[in-house]
Amino acid sequence: MAEVEETLKRIQTHKGVIGTIVVNAEGIPIRTTLDNSTTVQYAGLLHQLTMKARSTVRDLDPQNDLTFLRIRPKKHEIMVAPDKEYLLIVIQNPSE
Amino acid sequence: MSLTPTFLSLLLLFLFLFCIFPLFYFMTNQLITHSLTHSLTHSLTHSLTHSLTHPLTHSLTHSTAQPLRVITEDTCLFHYLVPAPMSPSAKSMCSETGSQDSGDGNSRTLHWDPDPSTLQLHSDSDLLGRSLRLGMAKVTQVDFPPKQSVSYSKETQTPTCTQTHTQAKPAEEEEEEEMAEPKPAEESKEEKADQEEKQEEVTPKDLTEEEKMQLLHSEEFMAFFDRGSRIVERALSERVDVCFDYSGRDLEDKEGEMQAGAKMSLNRAFSDERWSKNRVVTCLDWSPQYPELLVASYNNNEEAPHEPDGVALVWNMKFKKTTPEYTFHCQSAVMSAAFARFHPNLVVGGTYSGQIVLWDNRSNKRTPVQRTPLSASAHTHPVYCVNVVGTQNAHNLISISTDGKMCSWSLDMLSQPQDSLELVFKQSKAVAVTSMAFPLGDVNNFVVGSEDGSVYTACRHGSKAGISDVFEGHHGPVTGLSCHSAGGPVDFSHLFISASFDWTVKLWTTKSTRPLYSFEDSCDYVYDVMWSPTHPALFACVDGSGRLDLWNLNNDTEVPSASVCVNGSPALNRVRWAHSGREIATGDSDGQVLVYDVGEQICVPKADEWTRLVHTLVEINENRDEGEELAAQRLVA
């Protein structure tokens with residue numbers, strides 16, 4: 001458990017990282033470093049998007065699966081590491 | 001044939017009993033019922049013959065061995081009270097009594113105990129010899145957890161209201177009885193392993209802290225996190241920006257070039273399309289109150305004659321925005337600018353026309369709030385130097401123009417100077433001052449550099465007010481002057497350096513009129529020079545070829561310790577260290593202000609720098625004396 005904490009802290013203090021969210025399979029945020037409303041928003045929306053992305057990948061090739069999702073808006077970069085049950089979302093500002 | 005009448009009588013008896021026992025039920029008097037039934041059964045048994053026992057029992061067992069009936073309350077009681085199970089036992093009894101072959105010889109009286117378990121006890125022994133004996137089944141405590149989805153209420157996690165109910169259920173006949181109340185079975189956290197899946201509520205509102213902690217400790221989460229964080233960390237460290245735009249919209253990342261390692265690196269480049277393009281940066285100053293603010297003054301824009309000639313922009317280092325914090329302009333080209341030291345809102349500018357202007361960032365105007373008059377009492381020549389000297393309570397604005405006039409002003413009233421002084425050398429030659437510097441902490445003595453290549457020391461007040469000494473050495477106009485300002489254990493305030501058009505930077509001390517050392521590394525006009533405010537042996541100079549050099553006297557006096565060439569090689573007009581000594585701002589001829597970060601190993605002084613500088617100075621002195629001796633010898637020879 002301490003490793004998880006340490007890794008989370010390491011990710012959070014990485015250069016340019018704005019926030020980190022861990023979401024479970026239902027889209028409920030478990031750990032977050034952002035404020036509540038933002039977290040809920042991100043978690044809900046990204047959860048849906050990840051599901052859609054995963055289903056797309058699976059449709060194209062049933063043997064395939066989604067391993068990493070990276071969304072690059074103009075201002076930040078959102079990285080989603082999906083799993084069977086959880087999502088790790090990291091928001092980074094790449095210009096720093 | 002002999003069966004039928006007895007059978008009929010039995011049937012009649014049963015019917016009779018069926019009729020009677022509801023009545024008994026209503027009377028709710030067990031004793032009476034007991035006695036009645038007792039007598040009835042007695043009569044029954046007595047009426048029956050032996051020969052009937054066996055088949056009768058068989059038939060009786062057959063008739064009574066029908067466990068799959070829907071039982072009502074009456075029949076419930078019926079089963080309790082009616083000796084139907086008893087009848088076999090009665091039969092057996094009677095058979096036994098009849099046959100009298102039971103060895104136990106227990107005069108079996110029916111213990112009419114409502115507790116079925118005891119009934120069972122009694123009847124147990126009866127079943128020994130008999131097969132297919134209907135016996136009372138042991139009462140089992142059945143606990144059927146209902147198969148239903150668990151819904152958690154957020155508030156209570158500990159099972160306060162739900163408890164496992166063990167309901168005593170009677171005999172196997174009552175297996176089909178409806179449960180009294182289906183109670184939700186208790187789920188303790190430790191038992192259920194699939195609780196994680198079932199924890200959601202209809203609207204995924206939230207999980208309680210405990211649930212979250214539970215999740216975080218779970219095995220799957222660890223596995224997931226291990227994998228996921230690995231990928232994310234790799235992705236984070238890859239700083240490739242695939243959307244990088246080279247077209248120049250994002251100014252900060254383009255300008256300048258990254259220098260080797262940690263020596264000097266470009267931090268920011270400030271330039272404004274409208275106000276700073278095509279203008280030359282004439283002066284720079286860092287704000288003493290807000291270390292991130294920097295004022296840059298610009299001269300006129302030849303290509304935009306309708307724009308104001310003089311512009312001063314206040315830039316902010318702290319934020320990433322590329323536009324100036326404040327924009328000030330005035331009618332005449334601004335040749336020098338400074339933050340008023342004890343007035344955080346005021347910016348002073350000296351212009352080409354000789355006016356001193358004052359801008360205030362509290363007002364919304366971009367034009368000056370105060371101006372000195374264009375009169376003979378003030379300046380009539382370009383003012384290249386402005387400086388606020390003094391203390392909080394007693395300070396003055398000093399300005400010197402190129403006609404040698406030095407005026408001191410009070411910032412509250414710029415309508416006329418408080419004091420003015422003509423700087424003349426040897427009572428005749430006016431000194432065309434291009435640069436001025438006050439030593440650290442001194443308000444009276446100062447040094448000025450002039451167009452003729454000499455440096456003068458002067459006093460403001462006292463009997464010897466005016467020029468005192470002349471320091472000759474430069475072969476071209478002196479462009480920049482800086483007095484040693486790094487405070488420390490040893491006082492070096494007698495040192496100053498000057499830069500000039502003759503490609504050299506010279507180190508002087510006020511104690512001697514000959515330069516201590518001459519730095520001749522540059523190949524172009526050296527436009528400005530400044531000591532580091534923190535490091536005693538470090539100074540920076542800029543020249544016309546776009547080079548910014550850092551010299552460390554303790555390291556090497558022959559070559560600069562660090563050097564940066566600005567992109568595009570514009571002529572660098574000004575250089576200013578930030579008050580922290582960690583950053584350097586330079587202004588160039590294209591109207592750009594570049595801020596460089598200086599590496600720590602260069603700009604941060606170590607504890608022994610001061611003593612080392614003493615040694616260095618001694619060495620320099622010796623070398624100079626030797627050099628002079630040699631030169632003198634050569635001359636002689």
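All residue numbers refer to positions counted from 1 along the written sequence of the respective chain. Chain letters and ligand numbers both follow the written order, the letters beginning at A and the numbers at 1. With pLDDT at 70 or above as the cut-off, local features in this predicted model cover only qualifying residues; side-chain atom pairs require 80 or more to be listed or tallied, and sums for whole chains, interfaces and linings still use all residues. Heavy atoms from the whole structure form the basis of all side-chain values; hydrogens and water molecules are not counted.

Enquirer: What's the story with the packing of aromatic side chains in this structure? I'm lost.
Expert: Each aromatic ring pair is characterised by the separation of its centres together with the angle its planes make. For this analysis, a ring pair means two rings from Phe, Tyr or Trp (six-membered ring only for Trp) whose centres lie within 6.5 Å, classed as stacked if their planes differ by under 30 degrees, edge-to-face if by over 60, and tilted for the remaining angles. A full pass over the atoms with the stated rule returns 20 aromatic pairs over all chains. Taken together, a centroid distance of 5.2 Å and an interplanar angle of 25° make the contact between Tyr86 of chain A and Phe224 of chain B stacked. Note that Tyr86 of chain A is positioned in the loop between β4 (77-82) and β5 (87-92) and Phe224 of chain B in helix α8 (residues 219-237), a pairing that runs across two chains. Assessed through its relative accessible area of 1%, Phe224 of chain B is described here as buried. Ring centres of Phe519 of chain B and Phe539 of chain B lie 5.0 Å apart, and the angle between their planes is 70°; on these two criteria the pair is classed as edge-to-face. Linking Phe519 of chain B in strand β25 (residues 512-519) with Phe539 of chain B in strand β27 (residues 538-543), this pair joins segments that are 20 residues apart in sequence. Helix numbering and strand numbering both begin at the N terminus, where a helix is a DSSP run of H or I of at least 4 residues and a strand a DSSP run of E of at least 2. Only protein chains enter the accessibility calculation, which uses a 1.4 Å probe. A residue is then buried if its area is under 20% of the maximum for its type, exposed if over 50%, and partly exposed in between.

Enquirer: Could you clarify how one ought to interpret the sheet that holds strand β19 (residues 445-450) of chain B in this entry?
Expert: Pairing between sheet strands relies on hydrogen bonds along the backbone, with the strands arranged either parallel or antiparallel. Residue and element names in this part refer to chain B. In space, the four strands of this open sheet follow the order β18-β19-β20-β21, with antiparallel pairing throughout. In this open sheet, the two edge strands, each paired with only one partner strand, are β18 (433-437) and β21 (466-472). Taken pair by pair, the neighbouring strands of this sheet meet at an average axis angle of 25°, ignoring direction. Here β19 pairs with strand β20 (residues 454-459) via five bridges, running antiparallel. The residue bridging Asn445 from the neighbouring strand is Cys459, located in β20. Strands are treated as partners if at least two bridges between them are detected by DSSP. Where helices are involved, their axes are fitted lines through C-alpha atoms of the stretch in contact, as for all axes, and angles between N-to-C directions lie from 0 to 180°.

Enquirer: Explanation requested: the side chain of Ser498 of chain B in the structure shown.
Expert: Residue and element names in this part refer to chain B. Considering the arrangement of structural elements, one finds Ser498 in strand β23 (residues 495-500). Among the polar contacts made by the side chain of Ser498, one reaches the side chain of His474 at a distance of 2.6 Å. Contacts between residues were defined by any pair of non-hydrogen atoms, one from each residue, lying within 4.5 Å. Aside from chain neighbours lying at most four places away, what touches Ser498 is Val455, His474, Val478, Gly480, Leu481, Thr504, Val505, Lys506, Trp508 and Val529. Here a polar contact is taken to be a pair of N or O atoms separated by no more than 3.5 Å, where protein atoms must pair a possible hydrogen donor with a possible acceptor and residues adjacent in sequence count only if both atoms sit in side chains.

Enquirer: Just to check I follow, could you spell out a negative patch on the surface for this structure?
Expert: Patch membership is restricted to residues that have no salt bridge and whose relative accessible area is over 30%. Joining uses 9 Å for like charges and 5 Å for the nonpolar side chains Val, Leu, Ile, Met, Phe, Trp and Tyr. Computed with the Shrake-Rupley method and a 1.4 Å probe, the accessible areas treat only the protein chains shown as cover for residues. A side-chain nitrogen of Lys or Arg and a carboxyl oxygen of Asp or Glu constitute a salt bridge if their distance falls within 4 Å. Asp and Glu are treated as the negative residues and Lys and Arg as the positive ones, with His and the ends of the chain left uncounted. To locate a charge, the coordinates of NZ of Lys, CZ of Arg, CG of Asp or CD of Glu are taken. Taken together, the side chains of Glu619, Glu622, Asp625, Glu626 and Glu629 of chain B make up a negatively charged region of the molecular surface. The class of Glu626 of chain B is partly exposed, set by a relative accessible area of 47%.

Enquirer: I would appreciate a short explanation of the interface of chain B and chain A in the present structure.
Expert: How big an interface is tends to be stated in terms of accessible area lost as the parts join. Across the contact, 28 residues belong to chain B and 32 residues belong to chain A. Asp83 of chain A is paired through a salt bridge with Arg227 of chain B; the nearest N and O atoms lie 2.0 Å apart. Elements that contribute at least two residues to the side of chain B that touches chain A include exactly α7 (209-217) and α8 of chain B. Take the side of chain B that touches chain A: its biggest share by element is 14 residues, from α8 of chain B.

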